[in-house]
Amino acid sequence: MKKLLLLPLVFAAAPALADSHGSTLPAAANPKWKAECGACHVAYPPALLPERSWRKMMGSLERHFGDDASLDPASVKEITDFLAQNSAERSSRSAKILRGIGPADAPQRITETPWFQRKHDEIRADVWKRPKVGSAANCTACHTGAEKGDYNEDRVRIPR
Ligand code: HEC
Ligand code: HEC
């Protein structure tokens, strides 16, 4: 109950944020998704990949980037539905995020989408390799608000 009350307050307190580059997370996050898909890395915003990417990923969780991320069928269904309902197609930034992804392509990495690469084209190759970053997939290394879905450039701190 507490969480339900808190969310609108967070958004009300930061209207500029929500309007411009705002939270990339859906207003009503799914607790199962947050717990399961945030266990090994930050729970990546569903709006950053097309629905077909999420469906493909959720269909092969036992082989997930070299890890076994498999779940019981009910959880797979609940999380797949949540991802599909909040995928890039349903985002206000949909056109920007989907641009350059072919209609039959189902990229499995946000970090390999043309949108991600455009947004990060000022970051030199060696920065991604710094020990405290390690990989472009490590969003929280630079985006201090990533856990809350806040990727605003004002909150970026690139570790040395
Ligand atoms: C057992 C650990 C584990 C769990 C649980 C897990 N993942 Fe991952 N995931 C990984 C690893 C490891 C990578 C690769 C990270 C890297 O390249 O640095 C990854 C990468 C990803 C990427 C690609 C990141 C990029 O490069 O853009 C996405 C998207 C993703 N996971 C989504 C999910 C979703 C959705 C779930 C929940 C169903 C989930 N993950 C659960 C371990 C996990
Ligand atoms: C090495 C540090 C670093 C990592 C790791 C990183 N980013 Fe970024 N990101 C940046 C910087 C710097 C910018 C700001 C670019 C600019 O000035 O416009 C940015 C911009 C963004 C923006 C646009 C914000 C805006 O206000 O327009 C989004 C969204 C974003 N990143 C998402 C991600 C996601 C998702 C991940 C992980 C999959 C990630 N980033 C990983 C450094 C990083």
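Residues numbered from 1 in each chain as written. Chains lettered and ligands numbered in written order. Predicted model: local features only at pLDDT ≥ 70, side-chain atom pairs only at ≥ 80, totals over all residues. Heavy atoms only, no water.

What follows is about the coordination of the iron atom of ligand 1. Each protein donor to the iron atom of ligand 1 is listed here as His41 (NE2) and His64 (NE2); together their distances run 2.0 Å. With six donor atoms in place around the iron atom of ligand 1 and angles of 87 to 179° between them, the coordination shape is octahedral. Placement of the pair is His41 in the loop between α3 (31–36) and α4 (51–58) and His64 in the loop between α4 and α5 (73–85), with a sequence separation of 23 residues. On the accessibility criterion, His41 (29% relative accessible area) is partly exposed. Judged by its relative accessible area of 13%, His64 is buried. (Donors = N, O, S within 2.8 Å, 3.2 Å for Na, K, Ca; no water. Tetrahedral: all angles 85-135°; square planar, octahedral: opposite > 155°, others 65-115°. Helix = DSSP H or I, 4+ residues; strand = E, 2+ residues; numbered from the N terminus. Buried < 20%, exposed > 50% of the residue type's maximum accessible area, 1.4 Å probe, protein only.)

So, about the confidence of the model for the chain. For the chain, per-residue confidence averages 88 on the pLDDT scale, and 86% of positions sit at 70 or higher. Scored below 50 in pLDDT, residues 5–21 shows 13 contacts in the model against residues more than four places distant or in partner chains. (pLDDT = per-residue confidence, 0-100. Contact = heavy atoms within 4.5 Å.)

In this section: the packing of aromatic side chains. Counted under the stated rule, the structure contains three aromatic pairs. Consider the rings of Trp115 and Phe116, whose centres lie 6.5 Å apart with planes at 65°: the pair is edge-to-face. Per residue, the accessibility class of Trp115 equals that of Phe116, and both read buried. Seen in terms of ring centroids, Phe116 and Trp128 are 6.2 Å apart; in terms of plane orientation they differ by 35°. Their pairing is tilted. Of this pair, Phe116 sits in helix α7 (residues 114–119) while Trp128 sits in helix α8 (residues 125–128), placing them twelve residues apart in sequence. The class of Trp128 is buried, set by a relative accessible area of 19%. (Phe/Tyr/Trp six-rings, centres within 6.5 Å; stacked < 30°, edge-to-face > 60°.)

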